[in-house]
Amino acid sequence: MKQYVLSVCYPAGSTQPPPDRVKAIMSDVDAVRREMQSAGAWVFSGGLCPPSSATVVKHQNGEIVTIDGPFIESKEQIGGFTILKAPDLDAAILWARKLARATTTPIEVRPLVEHCN
Amino acid sequence: MQEAFATALARWPTSGIPPSPAGWLITTARNKALDRLRRESTRAEREHAGQVLIEHEEIEEHDVRDNHLRLIFTCCHPALACESQVALTLRLLGGLTTDEIGRAFLTPVPTIAQRISRAKGKISDAGIPYRVPEAAELPARLHTVLMVVYLIFNEGYIASSGDQLVRPDLCDEAIRLGRQLAELLPEESEVIGLVALMLLIDARRTAREAGRSFVRLADQDRNLWDQLQIEEGRYLLRICLERNRPGPYQLQAAINAVHCDARTAADTDWHQILVLYDHLMGIAPSPVVALNRAVVVAELEGAERALRLVDAIELPHYHLFHAVRADLLSRLGRFPDAASAYRIAIDQCANQMERDFLVQQYRSLNRGATSDS
């Protein structure tokens, strides 16, 4: 069984939909999560606070320093992610389609590196 | 099998083990054997090769077909970039070498090699399955496969760049892939429709070139059309149309069949073609279809009406859009407007022979305009 990260993508600086719309989206996303759980595909999922809440810890002149984030500046942001188990990409895409319908945003499907035993 | 193993090893240099190594190996072995079968010239050699195939691998015909089909759907998986789908399909199903693919697409060989190895890496890393999609997914997935085959054909028929108008090897390869697909999926009308479409268009191949010049459909010597191929196209078209599940490829094949029916350009049944285009716009509307439809309207209702339709189409980066506009404008005697439209068309046209043709049209336009004034 492979593992995939499904990332919820949105353009940076886009405004949040009105509260009742957000509520509807949240309940749709919850329903997909429950479906993943009962199918035994769900591993973990979570929503991310905005990029402005990020902190970066890094090497600088031989020291480890802490600075204000985010580290990755891009036109697109990740609003949340789900890690799931799936036999192949087609199976992962089927879940991604459900998630995309629920979140109304693009979903990036990316495999995790498999451990060689 | 040994040969296949060596190929497989060479094919997976950096990307690790393929998702189903056994499957890939067996398929590669079969493809090699089939390639050999195809290439052996004498009958005795073919029979011998056939026996070798059967004795050594005990492969049933059914399995070979099944593997071929799986490979097609893997190569044309929508998670792969279009250019990778094309390169992989030509390499693994068409049996073209990386060199041949590079030459056919005027792309440096290392670029093609990189494209293929990246695609294989993705197939392996992302876990793109090696199987025929389930019934529910089949139409959407088949759509991609047919698009890849037609793209290969089109690149062969009107090379998007370079000084050669036609690349017959790509046309032949696309038709061969189409036939193979039709054999594997006999129930899919659009597959047969695509084969019919390619045969009917390709039948006019020889007539499209005179010396080193491009010849328009209307000006072609129809005696040069390959009647045998037209017959086959018509026959296939009848088979799928009788099933009454029309699709874009079948309709385009039907349009081409009407062209092929006309003994002279003047005999063309434009009414029937317009009906078919209306139908096509109904099920698969696109600006390119709208442009082609407008050309038909010009034949039936005149250039002015057609120009109004063309001006409502958004295709600013398509050279044929400007070429059609230029032609309509010149028919209406609006020579300066026609000239500037030709200039844009010439500018955007990457195929040398097609561009020569447009330049010639542009020049005769200038002559016409000067003699008028």
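(A) Molecular detail of the overall build of chain A. The secondary structure content of chain A amounts to two helices and six strands. Along chain A, from the amino end to the carboxyl end, the secondary structure elements read β-α-β-β-β-β-α-β. Seen along its three principal axes, the alpha-carbon backbone of chain A occupies a region of about 50 × 50 × 20 Å. Expressed as a percentage of contacts within chain A between residues at least 6 apart in sequence, the contacts between residues at least 24 apart total 76%.

(B) Region of the structure containing the overall build of chain B. Scanning chain B from terminus to terminus reveals 18 helices and two strands. Each of the 373 residues in chain B was classed as buried or not, and the buried ones make up 35%. For chain B, the share of sequence-separated contacts (at least 6 apart) that also reach a separation of at least 24 residues comes to 58%.

(C) Just unusual backbone geometry, in detail. Of note, the amide linkage connecting Gly69 of chain A to Pro70 of chain A takes the cis form, showing an omega dihedral of 0°. Positionally, Pro70 of chain A belongs in the loop between strand S4 (63-68) and strand S5 (76-86). A positive phi angle is found at Thr104 of chain A, which is not glycine, with a value near 65°. Note on placement: Thr104 of chain A falls in the loop between helix H2 (89-103) and strand S6 (107-111). Phi is positive for Asn244 of chain B, which is not a glycine, with a value near 60°. With respect to the helices and strands, Asn244 of chain B occurs in the loop between helix H11 (227-242) and helix H12 (248-261). You can call Asn244 of chain B exposed: it has 7 C-beta atoms within 10 Å.

(D) Spatial organisation of the nonpolar core. Residues and elements named next belong to chain B. With 102 residues, the main nonpolar core has Val149, Val195 and Leu200 as its most contacted residues. With 10 residues, helix H10 (residues 189-202) is the single largest residue contributor to this core. Once residues within four sequence positions are removed from consideration, Val149 is found in contact with Ala174, Leu177, Gly178, Leu181 and Leu194.

(E) Main features of the interface of chain A and chain B. Facing five residues of chain A, the contacting portion of chain B comprises six residues. Residue composition of the side of chain A that touches chain B, by class: two nonpolar, no polar and three charged.

(F) Just the sheet that holds strand S2 (residues 42-47) of chain A, in detail. All names here are of chain A. An order of S2-S5-S1-S6 is seen for the four strands of this open sheet, with the pairing classed as antiparallel. The open sheet is flanked by S2 and S6, the only strands paired with a single partner. Ignoring which end each strand starts from, the neighbouring axes of this sheet average 20° apart. Note: S2 against S5, five bridges, orientation antiparallel. Looking at S5, one finds that Trp42 is bridged to Leu84.

(G) Molecular detail of the environment of Ala350 of chain B. Residue placement: Ala350 of chain B occurs in the loop between helix H17 (335-348) and helix H18 (352-372). What makes Ala350 of chain B exposed here is the crowd of 12 C-beta atoms within 10 Å.

(H) Focus on the pairing of S5 of chain A. One ladder, built from 10 bridges, connects strand S1 (residues 2-11) of chain A with S5 of chain A; its direction is antiparallel. Within S5 of chain A, the residue paired with Gln3 of chain A across the bridge is Lys85 of chain A.

Cut-off values and rules
- Residues numbered from 1 in each chain as written.
- Chains lettered and ligands numbered in written order.
- Predicted model: local features only at pLDDT ≥ 70, side-chain atom pairs only at ≥ 80, totals over all residues.
- Helix = DSSP H or I, 4+ residues; strand = E, 2+ residues; numbered from the N terminus.
- Contact = placed C-beta atoms within 7 Å.
- Buried ≥ 20, exposed ≤ 12 C-beta atoms within 10 Å, placed from the backbone.
- Core = buried A, V, L, I, M, F, W, Y, C linked by C-beta atoms within 7 Å.
- Nonpolar A, V, L, I, M, F, W, Y, C, P; charged D, E, K, R; others polar.
- Pairing = 2+ DSSP bridges.
- Axes fitted to C-alpha atoms, helices over the stretch in contact; angles between N-to-C directions.

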